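# Coordinate inspection notes
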Amino acid sequence: MNAHPLQRASRTGLDWTRALTFLARERRSFAERNPASAALAAQASEHLLFGVPLHWMNDWGTPFALHVCQASGAQVTDVDGHTLVDFCLGDTGAMFGHAPAPVAAALAKQATRGYTTMLATADAAAVGGLLADRFGLPFWQFAMSATDANRYIVRWIRAATGRKKLLVFNGCYHGTIEDVFVDLVNGQPVQRDSLLGQVHDLTEHTMVVEFNDLPALEAALQQGDVACVLAEPVMTNIGMVLPEPGFWGEAQVLIKKHGALLVMDETHTISTGPGGYARAHGIEADALVLGKPVGGGVPCAVYGMSADLATRAVQAKQDAPPGHSGIGTTLTGNMLAMAAMRTTLAEVMTPAAYAHMLSLAERLASGLRGLIARHGLPWCVTQVGARTEFQFCTAPPRNGSEAEAVLDPELEHLIHLGLLNRGVMITPFHNMMLVCPQTTEEDVVLLLGALDEVLSQITLTA
Ligand SMILES: Cc1ncc(COP(=O)(O)O)c(C=O)c1O
């Protein structure tokens, strides 16, 4: 814990002595409630580096890794038999619920017919058509993760435009595509120093400006060497940052004027509606990336291109010498993934599913605002469709720097642990909650009740 925690604005209205007592109690309670998880965590530490499949699974803030045995709809069951209502939903990977029935059926059918052949199936053409209809871009390719989809679209665009530079917004995250890990520090681009094994200087080809800063965007583009702007239409990974009115309209004009292309990474903002944020708000991107939920949680991702970009990409491939393009992996477009995507797009990511998710998310957002007001906390709530987040500031942040300044991992850990012990899971690393088609009104009431209880334990008493 920091030496002067009460000085932090996010903790205004909190009694940090009470909060620390609460945290100690919650850690004990977690350990008592989860003996089977504790045993598995100990066993896993014998042969798994860091004791978990992926090192950051230790960053949930629990005393040891929670182990789960099943995930279905809006619920996760842990190995100690607790059923948790899941508002994390695999940080969007399961945004349409865990193991959606139509996807489970499609996978079961495909399971006896082969998984991977390096050849197309009938599903491929169908998926291409479904994507084109949904997003309005005519040509598509596949990847195994959103990270790779971003990596490949940037590669195609650099090849197609002959330009090397990538422009991103400060505080962005687009997966582990290396190029984007450049931050603005005191107005200067600085390579993220937490990156492991990074040997190339990323600042050479990556430019970074603040979100919502049109003059800075224009200044960066003016040099005429930017291949593309890679962006989420709403920043979601440093806490949510909404575009100011008119931002994307102006930004598109500038991007076009200076010969750059716009890539919209809709991996998280697909929470907006069936066609994502860009389609709902009239943003005409040259390319679009979507991973995580597009196969109902089965690993796969897609990226689409405008007709013009597609023509230039094909030309670039034809002009290149024979050999590896640096794009694609062996399992990309495999039979299981294609079956999962076809079913997800046709039967799961439906307008009816969104109608339920959006109205329940509204209910959640207004419930959160009520709670925050009742506890007198200087916090706000931001919502993008089915995605809702409370942030430790009175007004939503306008850019990555502002959003970063109000992050408070200690407070987040404390709240998340308190919620977990009360049967509710929200997304680690920030305070994000997703509503899926199977989430019920009762689930939302449970979350609000649990949060109310946690806040009552840590806020200043009159
Ligand atoms: C906007 C965005 N793009 C891409 C990714 C990368 O997704 P994945 O980790 O599945 O490759 C993420 C992950 O959180 C993301 O938030």
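Each value, and the rule that gives it
- Residues numbered from 1 in each chain as written.
- Predicted model: local features only at pLDDT ≥ 70, side-chain atom pairs only at ≥ 80, totals over all residues.
- Heavy atoms only, no water.
- Helix = DSSP H or I, 4+ residues; strand = E, 2+ residues; numbered from the N terminus.
- Rg over C-alpha atoms; globule rule 2.2 N^0.38 Å.
- Buried < 20%, exposed > 50% of the residue type's maximum accessible area, 1.4 Å probe, protein only.
- Phe/Tyr/Trp six-rings, centres within 6.5 Å; stacked < 30°, edge-to-face > 60°.
- Lys NZ or Arg CZ within 6 Å of the ring centre and 35° of its normal.
- 1 Å grid on protein atoms, 1.4 Å probe; cavity = no way out; pocket = protein on both sides within 12 Å on 5 of 7 lines; lining within 4 Å.
- Points joined across faces, edges and corners; volume = space filled by probe spheres on them.
- Axes fitted to C-alpha atoms, helices over the stretch in contact; angles between N-to-C directions.
- Parallel < 35°, antiparallel > 145°, perpendicular 65-115°, else oblique.
- Contact = heavy atoms within 4.5 Å.
- Nonpolar A, V, L, I, M, F, W, Y, C, P; charged D, E, K, R; others polar.
- Pairing = 2+ DSSP bridges.

### Comments concerning the overall build of the chain
Across its full length, the chain carries 14 helices and 16 strands. Computed over the C-alpha atoms, the radius of gyration of the chain is 22 Å, within 12% of the 23 Å expected from 2.2 N^0.38 for a compact globule of 462 residues. On the principal axes, the C-alpha backbone points of the chain span a range of 70 × 55 × 45 Å. A burial count over the chain gives 53% of its 462 residues as buried.

### Topic: the packing of aromatic side chains
Under the defined criterion, the tally for this structure stands at 15 aromatic pairs. Seen in terms of ring centroids, Tyr173 and Phe181 are 6.2 Å apart; in terms of plane orientation they differ by 55°. Their pairing is tilted. You can call Phe181 buried: its relative accessible area is 7%. Taking the centre distance of 5.8 Å and the plane angle of 10° together, the rings of Trp379 and Phe390 count as stacked. Of this pair, Trp379 sits in the loop between α11 (351-374) and β13 (380-384) while Phe390 sits in strand β14 (residues 387-391); the two residues are 11 residues apart in sequence, bridging distant segments of the chain. For the pair Trp379 and Phe390, one class covers both residues: buried. Among the aromatic residues, ring-to-ring pairing joins Phe169, Phe211, Phe247 and Trp248 into one connected group. Lying across the ring of Trp16, Arg11 places its NZ or CZ 4.1 Å from the centre.

### Notes on the layout of surface pockets
Of the volumes computed, that of the second largest pocket is approximately 360 Å³. Lining the second largest pocket are 16 residues, and of these Gln141, Phe142, Thr329, Thr332 and Gly333 sit closest to its centre.

### Describing the packing of helix α6 (residues 214-221) against helix α7 (residues 247-257)
Close contact between α6 and α7 brings their axes to 10 Å; oriented N to C, the two are set at 10°. Considering their axes alone, α6 and α7 lie roughly parallel with respect to each other. Here Leu214, Leu217, Glu218 and Leu221 of α6 lie close against α7, whose contacting residues are Phe247, Glu250, Ala251, Leu254, Ile255 and Lys257.

### Section: empty space enclosed by the protein
Applying the stated rule across the entire model yields four cavities of 30 Å³ or more. Around the largest cavity, the lining residues are Ile238, Gly239, Glu389, Phe390, Gln391, Phe392, Ala403, Val406, Leu407, Glu412, His430 and Asn431. Considering each element in turn, the lining of the largest cavity owes the most residues, three residues, to β14. Taken together, the residues of the lining of the largest cavity break down into six nonpolar, four polar and two charged.

### A word on the sheet that holds strand β10 (residues 261-265)
As summarised here, the arrangement of the seven strands in space is β4-β12-β11-β10-β9-β5-β8, forming an open sheet in which the pairing is mixed. Looking at which strands have only one partner, the edges of the open sheet turn out to be β4 (139-143) and β8 (206-209). On average, each strand axis in the sheet is inclined to that of its neighbour by 20°, with strand direction left out of account. Of the strand pairs in this sheet, strand β9 (residues 226-231) and β10 are connected by four bridges, and their pairing is parallel. In the strand pairing of β10, Val229 is matched with Leu262. Lying on the sheet, α7 is in contact with β5 (165-169), β9 and β10; it crosses β10 at an angle near 140°.

### A word on the environment of Asp308
With respect to the secondary-structure elements, Asp308 resides in helix α9 (residues 307-319). Put simply, Asp308 and Val76 are 232 residues apart on the chain and 44 Å apart in space, counted from C-alpha to C-alpha.

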